[in-house]
Structure formats: C-alpha cells, structure tokens
Amino acid sequence: QVQLVESGGGLVQPGGFLRLSCAASGSFFSINAMGWYRQAPGKQRELVADISRRHVTNYADSVKGRFTISRDNAKNTVYLQMNSLKPEDTAVYYCNAEVRPSYSGSYSLYWGQGTQVTVSS
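Residues numbered from 1 in each chain as written. Predicted model: local features only at pLDDT ≥ 70, side-chain atom pairs only at ≥ 80, totals over all residues. Heavy atoms only, no water.

K.L.:
Explain the nonpolar core to me, and be specific about the residues and the numbers.
P.N.:
In this structure, Trp 36, Leu 80, Met 82 and Tyr 93 are the most contacted members of the largest nonpolar core, which totals 30 residues. Those elements giving two or more residues to this core turn out to be β1 (2-7), β3 (18-26), β4 (30-39), β5 (46-51), β7 (67-72), β8 (77-82), β9 (91-100) and β11 (115-119). When residues of this core are assigned to their parent elements, the largest contribution, five residues, is made by β9. (Core = buried A, V, L, I, M, F, W, Y, C linked by side-chain atoms within 4.5 Å. Buried < 20%, exposed > 50% of the residue type's maximum accessible area, 1.4 Å probe, protein only. Helix = DSSP H or I, 4+ residues; strand = E, 2+ residues; numbered from the N terminus.)

K.L.:
An account of the environment of Phe 29 is needed here, citing residue identities and associated values.
P.N.:
With respect to the element layout, Phe 29 can be found in the loop between β3 and β4. For Phe 29, a relative accessible area of 43% gives the class partly exposed. In this structure the C-alpha to C-alpha distance between Phe 29 and Val 99, which are 70 residues apart in sequence, comes to 7.6 Å.

K.L.:
Help me get a handle on the sheet that holds β8, residues and values and all.
P.N.:
Across the sheet, four strands lie side by side as β1-β3-β8-β7; this open sheet has antiparallel pairing. The open sheet terminates on both sides in strands that have one partner only, identified here as β1 and β7. Within the sheet, the average angular offset between the axes of one strand and its neighbour, ignoring direction, is 15°. Bridge analysis of β7 against β8 gives six bridges, and the strand direction is antiparallel. When the sheet's bridge partners are listed, Asp 72 is paired in β8 with Thr 77. (Pairing = 2+ DSSP bridges. Axes fitted to C-alpha atoms, helices over the stretch in contact; angles between N-to-C directions.)

Printed below as a string of structure tokens:
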C-alpha cells in the first residue's frame, strides 16, 4: 500500500511564501514522476508543476518564476516552494506520484489527500 502525505499548507498574506512537502510511504519498488496539482472552489483540478525522476521540471504558466518544484529521491519526497503568493493561488493542493509497486509491476498514479493554501490579507 502506497500513501502520499502532504504538509505545509496554511494561511498567508499576498506576497508571502509557503513550502509544501509530500512524502511517499509504504512498500514499492520505485517512483517515476511526481507533481503538484491544485483545485480552487468551482474550478477543475489543474497542474501546477511536475518533476521527473531525473529532475526535469514543468510548470503551469501562471506559476512560472514564482514556484519551484524539487524532489529528494532518497526520501521519496517532493516539495513545492511557493513565493510571491497571490489570492488566485488559493486552492487545495494535491501531490501525485507514478509508483511502481514491484520490479515486475507497472506504474500506477497515486494521490495525496490535499492541503489547503489560502492567500488573503
């Protein structure tokens, strides 16, 4: 069983910063890509950023230059450093990971439970 547990959300003023973390735990063989998505009230879930196992990154246009995704493969953890936060960044943030449970198995996509980020004065 694979679990992704997010932490680091909260309330911050516009222009502030937060750092989200997402750690994978359980029994598995390897993790491929990891990413962060967000969902604001009344909107669809959207990609924020993702990162390959070799640290190739991809960002949504709305967060380029403000957010940085990184990962620690030894800790099976992905991070999202969010700077210059705006009210429109308010959403529930979810991490995901492509996980292979065994050497002979195929990759499956797992999701965390989500963490609330609220940007407001």
